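Here's the letter readout for the chains.
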Amino acid sequence: MILSPSMLSSDFTNMESELKALKDAGLKWVHLDIMDGCFVPNITFGPPIIKAMRKKSDLFFDCHLMIEDPGRYVQNFADAGADLICVHAETCDHLERVCAQIAETGAKPAVALNPHTPLETIKYLIPQLYMVLIMSVNPGFGGQKFIPFCKDKVRELRGMIDEAGAETLIQIDGGVTLENARKLTEAGVDVLVSGSAFFGYPPYGERHQAFQDICK
Ligand code: DX5
Ligand code: ZN
């Protein structure tokens, strides 16, 4: 299991020390939530901040783009240092093209689906995706409650990936806690995103270990 802590719940005034603390706590990934105030009702940060973070950290930057028409900015995010670029299916008229565009930059292509968006949307893209993100809250804010049917969606997606003979990772994002983490990895999740249930409970090394232990 890979744990990808969402920086949305970190201390934004001390990003450098937060990134270092994650590294020291044995984390390999960090989840960066980019919101544009259009696709989601909140605004966070963009490529310049990611570029600044990149100078301070060699963690795997898992960039979750909650922005309209993300194809316009794929190259900017890649240049800023994104290792993985995840776009929402709901924001792309030509999703296959955007995924190919991401792959061309050298970043890993991923697609996120809102809770109500059917898995059929990405069925034919699975072989070219490094990861599929199942949103388990309506995106926009940290600290929301997990929507239960999203676990069934993970199980169904696991079946689709296996059937395609692909190695696509499954990520879940929103309302993940120590209480539901194990059931989610059992259902087929490879990457757990956790914001409030991670950053709210330092020290990070112990919290990371607690997530790893519960998912064993
Ligand atoms: C929500 C973001 C999430 C969020 C998760 O729109 O995509 O990554 O930070 O936060 P928690 O774990 O608190 O639900
Ligand atoms: Zn996210």
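Residues numbered from 1 in each chain as written. Chains lettered and ligands numbered in written order. Predicted model: local features only at pLDDT ≥ 70, side-chain atom pairs only at ≥ 80, totals over all residues.

K.L.:
What am I meant to see in the site of ligand 1 here?
P.N.:
Around ligand 1, the surrounding shell holds 22 residues, and the nearest of these are Ser 6, Pro 139, Gly 142, Gly 195 and Ser 196. Mapped by element, the contributors of at least two residues to the shell around ligand 1 are strand S2 (29-35), strand S8 (191-194) and helix H7 (196-199). In terms of residue class, the shell around ligand 1 is built from 7 nonpolar, 13 polar and 2 charged. (Near = placed C-beta within 6 Å. Helix = DSSP H or I, 4+ residues; strand = E, 2+ residues; numbered from the N terminus. Nonpolar A, V, L, I, M, F, W, Y, C, P; charged D, E, K, R; others polar.)

K.L.:
What's the story with the environment of Ser 136 in this structure? I'm lost.
P.N.:
Secondary-structure assignment places Ser 136 in the loop between strand S6 (131-135) and helix H5 (149-164). Given 25 C-beta atoms within a 10 Å radius, Ser 136 is considered buried. The spacing of Ser 136 and Leu 113 is 23 residues in sequence and 9.1 Å in space, taken between C-alpha atoms. Sequence-distant contacts of Ser 136, that is, excluding residues within four places in its chain, are made with Pro 115, Phe 146, Ile 147, Cys 150, Ile 172, Asp 173, Gly 174 and Gly 175. (Buried ≥ 20, exposed ≤ 12 C-beta atoms within 10 Å, placed from the backbone. Contact = placed C-beta atoms within 7 Å.)

K.L.:
How should I be thinking about the UniProt feature "binding site: a divalent metal cation" (unreviewed entry) in the chain in this particular structure?
P.N.:
The sites that UniProt annotates as "binding site: a divalent metal cation" (unreviewed entry) are His 31, Asp 33, His 64 and Asp 173. Spatial clustering of the annotated residues is evident: they stretch over 143 residues in sequence, but the largest pairwise C-alpha distance comes to 10.6 Å. Tracing the chain through its elements places Asp 33 in strand S2. If we ignore the near neighbours within four places in the chain, the residues touching Asp 33 are Ser 6, Leu 8, Thr 44, His 64 and Met 66. (UniProt positions renumbered as here; feature names shortened; annotations may be inferred.)

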